[in-house]
Amino acid sequence: MAAQERRRRAAAIQDAGAAQDELSLALDEVGVRLPSLGLDSVSLASDYLPPLVDLGRCNPGTARQLAEALREGGGRSGELNARVREVNRRSMNRP
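The sections below set out a description of the structure shown in this document. Note that the structure is predicted; figures quoted are calculated from it, not measured.

So, the nonpolar core
- Counting residues in each nonpolar core, the largest one holds five residues, listed as Leu-27, Val-32, Leu-34, Leu-37 and Ala-69.
- Not counting residues up to four positions away in its chain, the partners in contact with Leu-37 are Gln-20, Leu-23, Ser-24, Val-53, Asp-54 and Leu-55.

If you want it as structure tokens, here you go:
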């Protein structure tokens, strides 16, 4: 792997870590803790996959808390669903 590619990969991993931290803080703000939240080790080891944030596993109570927090966010701001769709659309179009 060339030096430039290693730097690009390191930056992508750093970005994924920042996204994980951002998500963790946002979830904390609504009282949800995903105990397995982390970076996906398979994607970190891959030269082809982008680094992925792994939401991990949680118990049913935590899943319900997360669902409630998302519903409340969607109820207060009808923009939430549109924002999620836009982010998903952009991520699907990434190389």
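Some details on the pattern of salt bridges
- Enumeration over the complete set of coordinates arrives at one salt bridge.
- Salt-bridge contacts for Arg-8 lead to Glu-5; the nearest nitrogen and oxygen are separated by 2.4 Å. In this pair, Arg-8 and Glu-5 are both assigned in helix α1 (residues 3-29), three residues apart and thus about one turn of the helix distant.
- For Glu-5, a relative accessible area of 29% puts it in the partly exposed group.

A short note on the environment of Ile-13
- Here Ile-13 is to be found in helix α1.
- In sequence terms Ile-13 and Val-53 are 40 residues apart; their C-alpha atoms lie 9.7 Å from each other.
- In this structure Ile-13 touches Leu-39, Leu-44 and Pro-51, once residues within four positions along its chain are discounted.

So, the environment of Ser-46
- Relative to the helices and strands, Ser-46 resides in the loop between α2 (41-45) and β2 (53-54).
- Using a relative accessible area of 14% as the deciding quantity, one classes Ser-46 as buried.
- Separated by 37 residues in the primary sequence, Ser-46 and Arg-9 place their C-alpha atoms 10.0 Å from one another.

Some details on the environment of Leu-55
- For Leu-55, the location among the structural elements is in the loop between β2 and α3 (60-76).
- A relative accessible area of 44% means that Leu-55 is categorised as partly exposed.
- Residues Leu-55 and Pro-35, spaced 20 residues apart in sequence, show a C-alpha to C-alpha distance of 8.7 Å.

Rules behind the numbers
- Sequence order as written defines the numbering, with residues in each chain counted from 1.
- Confidence filtering applies because this is a predicted model: local features only for residues at pLDDT of at least 70, side-chain atom pairs given and counted only at 80 or more, and all residues used for totals across whole chains, interfaces and linings.
- Side-chain numbers here rest on the full set of heavy atoms in the structure, without hydrogens or water.
- What we call a nonpolar core is a set of buried Ala, Val, Leu, Ile, Met, Phe, Trp, Tyr and Cys residues that are connected through their side-chain atoms within 4.5 Å.
- Relative accessibility decides the category of a residue: with a 1.4 Å probe and only protein chains considered, values under 20% of the type maximum give buried, values over 50% give exposed, and everything between is partly exposed.
- It only takes one pair of heavy atoms within 4.5 Å for two residues to be counted as in contact.
- Each salt bridge in this description consists of a side-chain nitrogen of Lys or Arg and a carboxyl oxygen of Asp or Glu lying within 4 Å of one another.
- Helix and strand definitions follow DSSP, with helices as H or I runs of at least four residues and strands as E runs of at least two, each counted in order from the N terminus.

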